[in-house]
Amino acid sequence: MANLITALLVPFDKSGQLMEESLRKIVEYNISENNVDGLYVGGSTGENFMLDTATKKNIFRIVKEVAEDRVELIAQVGSLNIYEAKELAAYVVNELGYSKISSVTPFYYKFDFEEIKNYYFEIVKDVETELIVYSIPALTGVNFSEDQFGELFANPKITGVKYTAGDFYLMERLRSRFPNKLMYSGFDEMLLPAAAVGIDGAIGSTFNVNAKRARQILEAVEQNDFVTARKLQAETNDLIQKILDNGLYNTLKLMLTEKGVDMGYCHLPMKHYTDNQVKVAQKLVKDYM
Ligand code: SI3
């Protein structure tokens, strides 16, 4: 069955400093309460692109210290600064023993495909690891064709994709053409259709609070029980819609705080939460967790 991998939230205090003890708790919560198979560390959900290198390294180190080898750890090292990406890759693989790295497509500048391909090949050049391409066109503006994925996958160290998009035709084409590469779905609200296409895992922010239902969706698809899978996805999407309406990362953090894992604040320039967001999050915990 496909692996369930939480895109890890990271707690910050009001001034944007990492809350180390809370980070330890959310890692433990995902392993012992949510029973997930892995953690995706340093992704969008980790508010990673607003952090300095030392903080990123500190997060990777603490997560590994708590998780040890109990679940799979994937470190998102991608950065507009390719030298930072290489430094982080070497750190997590050689010093911490992460089993995989992942890297977002370089964003902001309109890099052409050759530049993007060079970026990926350069990141894996000096490190013995597997890299999962983090493709999220809605946030980066970078769309790959089937053939371009093929060019990236030609590098044996590039072993899969975290596919955060709603184009299921392309997803199916990739699944069929590259059966030996890993396919992770990225949109939790589309877990059922992704699982129907065939995925090796799902990586999601909402698994921090909704891992049980997500696991049940994967199990129902595995058993070809699409009636149950659709019912669970509908319940999940009712929840996700309410979370998105109330502010994604603030609401996820507030729900966990309500459950006893103090997740602090989002990192500026993301907004700090309001009293009303707290009330909504408390109700979501009561209704869905
Ligand atoms: O990098 C990451 O933290 C992720 O894995 C992100 C994951 O794909 C999430 N995407 C974003 C942009 O947060 C989803 O889990 C997403 O939050 C969820 O499907 C709600 O839209």
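Because the structure is a prediction, the values reported are computed rather than measured.

Scoring rules and cut-offs
- Residues numbered from 1 in each chain as written.
- Predicted model: local features only at pLDDT ≥ 70, side-chain atom pairs only at ≥ 80, totals over all residues.
- Heavy atoms only, no water.
- Near = heavy atom within 4 Å.
- Polar contact = N/O pair within 3.5 Å; in protein donor to acceptor, adjacent residues only side chain to side chain.
- Areas by Shrake-Rupley, 256 points an atom, 1.4 Å probe, with all protein chains shown as cover.
- 1 Å grid on protein atoms, 1.4 Å probe; cavity = no way out; pocket = protein on both sides within 12 Å on 5 of 7 lines; lining within 4 Å.
- Sits in = over half its atoms within 2 Å of the grid points.
- Helix = DSSP H or I, 4+ residues; strand = E, 2+ residues; numbered from the N terminus.
- Nonpolar A, V, L, I, M, F, W, Y, C, P; charged D, E, K, R; others polar.
- Buried < 20%, exposed > 50% of the residue type's maximum accessible area, 1.4 Å probe, protein only.
- Contact = heavy atoms within 4.5 Å.
- Core = buried A, V, L, I, M, F, W, Y, C linked by side-chain atoms within 4.5 Å.
- UniProt positions renumbered as here; feature names shortened; annotations may be inferred.

1. A closer look at the site of the ligand
Of all residues adjacent to the ligand, which total 19 residues, the nearest are Thr45, Gly186, Glu189, Ser205 and Tyr249. Contacts to the ligand include Tyr134, whose side-chain N or O atom sits 2.9 Å from an oxygen atom. Ser205 places a polar side-chain atom, nitrogen or oxygen, 2.7 Å from an oxygen atom of the ligand. Protein chains bury 95% of the 480 Å² of accessible surface belonging to the ligand in isolation. For the ligand, the cavity whose grid points lie within 2 Å of the majority of its atoms is the largest pocket. Within the residue set of the shell around the ligand, elements represented by two or more residues are strand S8 (201-204) and helix H11 (248-258). Taken together, the residues of the shell around the ligand sort by class into nine nonpolar, seven polar and three charged.

2. So, the side chain of Lys56
Position of Lys56 among the secondary structure elements: in helix H2 (residues 53-67). Judged by relative accessible area, Lys56 falls into the buried class, the value being 5%. If near-sequence neighbours (up to four positions away) are discounted, Lys56 is found in contact with Asn48, Leu51, Glu84 and Leu88.

3. With respect to the nonpolar core
Grouped together as the largest cluster of nonpolar side chains are 99 residues, with contacts concentrated most on Leu23, Val63, Val92 and Ile199. Looking at this core element by element, the count peaks at eight residues for helix H9 (residues 207-222). Each residue touching Val92, except ones within four places of it in the same chain, is listed here: Phe60, Ala75, Val77, Gly97, Tyr98 and Ile101.

4. Here's the deal with the UniProt feature "active site" (unreviewed entry) in the chain
This chain's UniProt record puts "active site" (unreviewed entry) on Tyr134 and Lys162. Separation in sequence by 29 residues is not matched in space for these annotated residues, since their most distant C-alpha atoms are only 4.8 Å apart. As for the largest pocket, its lining draws on Tyr134 and Lys162 from among the annotated residues. For Tyr134, the position within the fold is in strand S5 (residues 130-135). Once residues lying within four places of it in the same chain are set aside, the contact partners of Tyr134 are Tyr40, Ser44, Gln76, Ser102, Ser103, Val104, Thr105, Tyr120, Lys162 and Thr164. Looking at Tyr134, its side chain comes within polar contact range of the side chain of Ser44, at 2.6 Å. Along the polypeptide, Lys162 turns up in strand S6 (residues 158-163). On the basis of relative accessible area, Lys162 is assigned to the buried category, the value being 5%. Contact partners of Lys162, with chain neighbours within four places excluded, come to Tyr40, Ile132, Val133, Tyr134, Ser135, Tyr184, Gly186 and Ile203.

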